[in-house]
Amino acid sequence: MCCPDGMLFNPDTLKCDDESNVDCQIEPPPCPQTTTTTMPDTTTALADTTTNDADTTMVTNPAETTTDLSTGETSTTTDETDTTTQPITTTEEITSTAAIDTTTVQQGPDLVALCAALSTDSLVELAYPGECSSYIVCLDRQYIATEVCPAGLHHNPILSVCDSPDQAECLDYICQNNPEGSPINIASINSCQRYYICIGNMTVERFCAPGTIYDAENGWCIVEDMDNPCVRERLPAPPQGVILQCTGESELIKIRHPTMCDVYYRCLNGRLWARQCPAGLYFDTDRAQCNLAEVVSCEVQQ
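Residues numbered from 1 in each chain as written. Predicted model: local features only at pLDDT ≥ 70, side-chain atom pairs only at ≥ 80, totals over all residues. Heavy atoms only, no water.

Moving on, we come to the overall build of the chain. What the chain contains, in helices and strands, is three helices and 22 strands. By the burial criterion, 25% of the 302 residues in the chain qualify as buried. Nonlocal contacts in the chain, meaning residues at least 24 apart in sequence, comprise 34% of its contacts between residues at least 6 apart. Only carbon and sulfur atoms are counted for the fraction: they give 50% of the accessible area of the chain, which is about 20800 Å². (Helix = DSSP H or I, 4+ residues; strand = E, 2+ residues; numbered from the N terminus. Buried < 20%, exposed > 50% of the residue type's maximum accessible area, 1.4 Å probe, protein only. Contact = heavy atoms within 4.5 Å. Areas by Shrake-Rupley, 256 points an atom, 1.4 Å probe, with all protein chains shown as cover.)

Written out as structure tokens, the structure is:
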């Protein structure tokens, strides 16, 4: 469920509240647009215009009403009264209702809107909604492409690489084996500020406030300090040869590090974004993705 524009969900009151009253550190995707179509009411009640006399029946033709379903306009035509004396007869009115043929087309996710909702102009790789192995590439808040990981791997939205399913933390996969029952918390293995709540097989993603990290032992967020540090690995700076190669590239490509099989760079017009494959995976130049080390031919270049 989505709150109206200018409001955010308040976890204390469990209601939508003014955004100035809610501390929310998450950049949410756009809410889905709901379209409601109301068919015009085409039911016309016929007035009872039959008058019974002792020996005769006066029959007056009711107004004939026609409704155009395409415009919603109603036109009425009234015939003159038929004053012919007739024996009393009973007429069974037969009403035929034709079923309206409706076709519902299921649309996919609005990838352009997902990229436009980002808070940064940098290159971002987002998980494809509802699919663990696919992801979308956004640059300058514009949709660039959809890419697919090699068979058996999931996209890791935290590290922005293809990874093994048990490490990638795809939201549709994390709680799939959790038995029904009380909610449980699971710490992220890729981010100090992220954790998940499993409610049965449903996954709820949560983020700690800035300056805090998730403590799996206690099950809540604590202040990051000298006693509770968050260890972060820094990727190596791109070598000069990679920088020169990227300068002349006008299309978004991937360039492997010349001496490290698990490091590669996203490149566009001299702009570089470093990526490192998780343990056990190497950058596959044929697939342009991280892949299993045993299927990748990696020769260190001097």
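There's more to say after this.
Attention now goes to the sheet that holds strand E19 (residues 263-268). Ordered by their spatial adjacency, three strands build an open sheet running E18-E19-E20, and the pairing between neighbours is antiparallel. The two strands at the open ends of the sheet, each matched to only one other strand, are strand E18 (253-256) and strand E20 (271-276). Pairwise comparison of adjacent strand axes, ignoring direction, gives a mean angle of 30° for this sheet. As paired strands, E18 and E19 are joined by four bridges and run antiparallel to one another. Residue pairing across strands places isoleucine 255 opposite tyrosine 265, the latter belonging to E19. (Pairing = 2+ DSSP bridges. Axes fitted to C-alpha atoms, helices over the stretch in contact; angles between N-to-C directions.)

Under the defined criterion, the tally for this structure stands at 10 disulfides. Two residues, cysteine 192 and cysteine 230, share a disulfide whose sulfurs are 1.8 Å apart. Disulfide cysteine 192-cysteine 230: torsion about the S-S bond near 85°, hence right-handed. One end of the pair, cysteine 192, is in the loop between strand E13 (184-187) and strand E14 (194-199); the other, cysteine 230, is in the loop between strand E17 (220-223) and helix H3 (240-247), and 38 residues separate them in sequence. Residue classification places cysteine 230 among the buried residues on the basis of a relative accessible area of 11%. (Disulfide = S-S within 2.5 Å.)

A full pass over the atoms with the stated rule returns two aromatic pairs. Pairing tyrosine 195 with tyrosine 214 gives two aromatic rings, centres 4.3 Å apart and planes at 15°, and the pair type is stacked. Of this pair, tyrosine 195 sits in strand E14 while tyrosine 214 is found in strand E16 (residues 212-215), placing the two residues 19 residues apart along the sequence. Tyrosine 214 matches tyrosine 195 in its accessibility class, with the two residues each being buried. A ring pair is formed by tyrosine 264 and phenylalanine 283, whose centres lie 4.5 Å apart and whose planes are at 20°; its orientation type is stacked. You can see tyrosine 264 sitting in strand E19 and its partner phenylalanine 283 sitting in strand E21 (residues 281-284), a full 19 residues away along the chain. Accessibility expressed as a relative area gives 2% for tyrosine 264, which makes it buried. (Phe/Tyr/Trp six-rings, centres within 6.5 Å; stacked < 30°, edge-to-face > 60°.)

Judged by pairing direction, the sheet is antiparallel, and its three strands sit side by side in the order E8-E9-E10 without closing on themselves. Sheet topology places strand E8 (124-127) and strand E10 (142-148) at the edges, where each strand pairs with a single neighbour. Going from strand to strand, the sheet's axes swing by 30° on average, the running direction of each strand aside. Sheet analysis places E8 next to strand E9 (residues 134-139), joined by four bridges and oriented antiparallel. Bridge pairing in E9 places leucine 126 opposite isoleucine 136.

Once that is clear, we can look at the side chain of asparagine 10. The residue asparagine 10 is located in strand E1 (residues 7-10) in this model. Note on asparagine 10: relative accessible area 8%, which makes it buried. A polar atom in the side chain of asparagine 10 sits 3.1 Å from the side chain of aspartate 17. Filtering out sequence-adjacent residues up to four positions away, asparagine 10 remains in contact with Lys15, Asp17, Asn21 and Val22. (Polar contact = N/O pair within 3.5 Å; in protein donor to acceptor, adjacent residues only side chain to side chain.)

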